[in-house]
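# Report on the structure
Now for the letters of each chain:
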Amino acid sequence: MTLKKTIDKDSGLEKAISYLLIIGVVLSVLLEIAGIIILSRDLHSLAIRESSSVFIQEHDFFRFIYNFLRTGHGDGAGIWLMTAGLIILILTPFLRVILSFFYFALKKDRKYVFITAFVLLALTLSLLLH
Amino acid sequence: MLNMLSLGLLSIVVGFIGSLTGIGGASILVPILALLGVPLKEAIACGMVAIIATSSGSASSYVRERIANVRIAMFLEMFTITGAIAGATITLYIAPVFLYFFFAAFLMTSFLGLRRSITEYIPPSTQDKLSRWLQLDGSYFDESAKATVDYRVNNALFGGLGMLGAGLAAGMLGIGAGAFKVTVMENIMRMPPKVSSTTSNFIIGMTALAGVSVYLFSGLLNLTIIAPMAVGTTIGAIAGGRVLNKLSNRTLRILFFVIVVYLIVQMIYKGITAL
C-alpha cells in the first residue's frame, strides 16, 4: 500500500488551485467578451484590425500592469476591457505558483518550498526580462 | 473570412483538442492564422495566449479531479522554466534550424510507447531514490475504466533533463512543446497517459508565461486576435477538461498520435525551409 501514501495529502492545495484557475479564466473570458462587443459596436465591424491602437508594446509584464492602471482607457472602453482580460489571464498561472509556495510553506514541506520558490523566482525573472 | 467571431469559434476546437492531448494548441492555431493572412510573427506571439488559456482552462478540472499531479508539475516546472529562459537567450545567438529536426526526431520516439500506452497502465515495480524522495506518486479515479489507478514516477532526474530540453525548444522556437513534454513523462518517467497529458497541460502554461515579456516587448500582440483566441480556447479547454476522464486511454492516444504526426511534418517542413 506504499503507493497510496500521498493520495490525500494535497487535497487542500488542489481545491485552492482549481478555484483560483476557474475564477481567473472566467473573469478573463467575461472581460474579453465585453471588450469584443464594445469594440465591434464602436467600429461597426468584427474585423481583425492591424491599426496601432490594437497592438500592445511594453518593456515587461510588470510595467505593462503599472502603465495599464496609470493611464486608464484612453483608447476606448473596448480596448481597455480586452487589455484587462489579458492581464488577468497572464496573472492567473503566476498567482497559482504564489499560492503553491504559501501552501508548502504552511505545511513546512521544505523540499517543495524550495522547488516552488525556485519556480517563482525564475518566473518573476523571466517576466522582468525581455 | 477570418474575423473575431470565426477566430473565436475556431479557437474553441483548438482549446478542446489541446486540453485532451496536453499540447498547447498554438502549434495548430499558428499555421492556420498564417494561412488566413495574419503575419506569421504576430500569429506566433498571440499563440502564447492560446497556450496560457488552454492550460488554465483545463487544469481547473484536472487538478480538482486529481488527474494532474501538482507535485510532479512543480518539480518539472523548475526545469522547463530554466530551459525556456536559456532558450530565449540562446536563440539570439544561434539559428534554431537544427532544433526543428531534433524536435521531429524526438517526437518520433513517442511512437515507441504506443503499444504500451494503449494497454492498461502497470506501475514500475521499483522507484529510484530521487523520485521517492520527492514523493512523486499518486492515484486517480479513471471514469472510463471505472477503476482507481495508482502510479509512481521513475527516473525523475532524466525526466527533469528532458523537460530542460523541452523548455529550451520552447524558448528557441516560440512553442509550448507540449507534445515533447507528454512524451518525456510517458516514456522516460513512466507515467500513465492521462496523468501525462493533464500534467503537461498544467506545465505548458508556465512555459508560455516565461515568454510573455519577450512578446510584450516585441509589440506584436494584437488585441483583436488575442481576445477572441483567449475566449475560444478557454471555453474549448474547460469543455475538454470535463470530457477527458470519460474517454478511454485508447481514444486519447489515437488523438495524440494524429496531432504528433501533424507536428512532425510541420517541424521537418519548417526545418527544411529554414536551411
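The coordinates are above.
Overview of the structure.

How each quantity is defined
- Residues numbered from 1 in each chain as written.
- Chains lettered and ligands numbered in written order.
- Predicted model: local features only at pLDDT ≥ 70, side-chain atom pairs only at ≥ 80, totals over all residues.
- Heavy atoms only, no water.
- Helix = DSSP H or I, 4+ residues; strand = E, 2+ residues; numbered from the N terminus.
- Buried < 20%, exposed > 50% of the residue type's maximum accessible area, 1.4 Å probe, protein only.
- Contact = heavy atoms within 4.5 Å.
- Core = buried A, V, L, I, M, F, W, Y, C linked by side-chain atoms within 4.5 Å.
- Patch = residues over 30% accessible without salt bridge, like charges linked within 9 Å, V, L, I, M, F, W, Y side chains within 5 Å.
- Areas by Shrake-Rupley, 256 points an atom, 1.4 Å probe, with all protein chains shown as cover.
- Salt bridge = Lys/Arg side-chain N within 4 Å of Asp/Glu carboxyl O.

If you tally the helices and strands in chain B, you get 13 helices and three strands. If you line up chain B on its principal axes, its C-alpha atoms span 50 × 40 × 30 Å. Relative to its full complement of 275 residues, chain B shows a buried share of 63%. When contacts within chain B are restricted to residue pairs at least 6 apart in sequence, long-range pairs at least 24 apart make up 84% of them.

Another aspect to go through is helix H2 (residues 61-71) of chain A. Taken as a whole, H2 of chain A has its buried residues at Phe61, Phe64, Ile65, Asn67 and Phe68 of chain A. Contacts from the buried residues of H2 of chain A go to strand E1 (55-56), helix H3 (77-106) and helix H4 (110-128) of chain A together with helix H11 (212-218) of chain B. Phi turns positive, to about 70°, at glycine 72 of chain A, one or two residues after H2 of chain A.

A word on the environment of arginine 253 of chain B. All names here are of chain B. Within the element layout of this structure, arginine 253 appears in helix H13 (residues 249-274). Since its relative accessible area comes to 1%, arginine 253 is described here as buried. Spatially, the C-alpha atoms of arginine 253 and leucine 20 are 9.6 Å apart, while their sequence positions differ by 233 residues.

Core analysis: the largest hydrophobic core is formed by 125 residues, its most contacted members being Phe75 and Val212 of chain B. In this view, phenylalanine 75 of chain B contacts Ile115 of chain A together with Leu130, Leu134, Leu136 and Ala156 of chain B; residues no more than four positions away in its chain are not counted.

A word on a nonpolar patch on the surface. There is a patch of nonpolar side chains on the surface, built from Leu46 of chain A together with Leu5, Leu9, Ile12 and Ile235 of chain B and spanning about 410 Å² of accessible area. At three residues, helix H1 (residues 4-21) of chain B tops the list of elements feeding residues into the nonpolar patch. Inspection of the secondary structure assignment puts leucine 46 of chain A in the loop between helix H1 (11-43) and E1. On the basis of relative accessible area, leucine 46 of chain A is assigned to the partly exposed category, the value being 32%.

On their own, these measurements won't tell you what the molecule is for.
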